[in-house]
Amino acid sequence: MREFVVRVADVGSFEDFIAAFNEGFCRHVGGHWGGNLDAFNDYLSWPDEGRYRLIFQGWPECAAALARVPYQPRQSMRDVILEILRDNDQVEVVTVSPETG
């Protein structure tokens, strides 16, 4: 199974997450994500493989930062990102701390 490692331990904002996702995933599948959440969902279907693994290295730090970014009145950007990832069955999501990645 093909793996993509997205290093997110230093993410402190949504813009940082965008940059990390571009570096660890989008550049490998031929694109550049600008932050639109519909496009984020679309990019997850770009790899040619039927299933693949997306490893978020440093997720605990990133999740804490994205939890502070509001999206809707009762949602955070972390919640939205996780919801989109869960909706994409072809993606096996692995979240690890920086030391284990």
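Please refer to the structure placed before this passage.
These lines cover the structure that appears in this document, whether it is placed above or below. (Residues numbered from 1 in each chain as written. Predicted model: local features only at pLDDT ≥ 70, side-chain atom pairs only at ≥ 80, totals over all residues. Heavy atoms only, no water.)

With that out of the way, let us pick up the pattern of salt bridges. Side-chain pairs of opposite charge can arise where the charged atoms are in close proximity. Under the counting rule described, the total for this entry stands at five salt bridges. Where Arg53 meets Glu3, a salt bridge forms, and the shortest distance between an N and an O atom there is 2.5 Å. Taken as a pair, Arg53 in strand S2 (residues 52–57) and Glu3 in strand S1 (residues 2–7) lie far apart in primary sequence, 50 residues in all. Using a relative accessible area of 43% as the deciding quantity, one classes Glu3 as partly exposed. One salt bridge in this structure joins Glu92 and Arg53, with 2.9 Å as the shortest N-O distance. Of this pair, Glu92 sits in strand S5 (residues 91–96) while Arg53 sits in strand S2, and the two are 39 residues apart along the sequence. (Salt bridge = Lys/Arg side-chain N within 4 Å of Asp/Glu carboxyl O. Helix = DSSP H or I, 4+ residues; strand = E, 2+ residues; numbered from the N terminus. Buried < 20%, exposed > 50% of the residue type's maximum accessible area, 1.4 Å probe, protein only.)

For soluble globular proteins, the rule of thumb is that nonpolar side chains tend to be buried together. Within the largest apolar cluster, 31 residues are counted, with the highest numbers of intra-cluster contacts made by Phe14, Phe17, Phe21, Phe25, Trp33 and Leu54. At the level of elements, S1, helix H1 (14–29), helix H2 (37–43), S2, helix H3 (59–67) and helix H4 (77–86) are the ones that each hand at least two residues to this core. Residue contributions to this core peak at eight residues, all from H1. If we ignore the near neighbours within four places in the chain, the residues touching Trp33 are Phe14, Phe17, Ile18, Phe21, Asn22, Cys26, Ala39, Phe40 and Tyr43. (Core = buried A, V, L, I, M, F, W, Y, C linked by side-chain atoms within 4.5 Å. Contact = heavy atoms within 4.5 Å.)

Next up on the list: H3. Residues of H3 that are buried: Trp59, Cys62, Ala63, Ala65 and Leu66. Taken end-on, H3 shows its buried residues confined to a sector of 165 degrees, consistent with a single buried face. Packing partners of the buried residues in H3 comprise H1, S2, strand S4 (75–76), H4 and S5. (Arc of directions from axis to C-beta.)

Throughout the structure, instances matching the rule amount to 14 aromatic pairs. On the numbers, 6.1 Å between centres and 90 degrees between planes, the contact of Phe17 with Trp33 is edge-to-face. You can see Phe17 sitting in helix H1 and its partner Trp33 sitting in the loop between H1 and H2, a full 16 residues away along the chain. Taken individually, Phe17 and Trp33 each receive the classification buried, so the pair is uniform in this respect. Judged by centre distance (5.7 Å) and plane angle (25 degrees), the rings of Phe25 and Tyr52 are stacked. With Phe25 in helix H1 and Tyr52 in strand S2, the pair connects residues that are 27 residues apart, well separated along the chain. When its relative accessible area of 0% is taken as the criterion, Phe25 is described as buried. On the basis of relative accessible area, Tyr52 is assigned to the buried category, the value being 0%. The rings of Phe4, Phe14, Phe17, Phe21, Phe25, Trp33, Phe40, Tyr52, Phe56 and Trp59 are connected pair by pair, giving a single aromatic cluster. (Phe/Tyr/Trp six-rings, centres within 6.5 Å; stacked < 30°, edge-to-face > 60°.)

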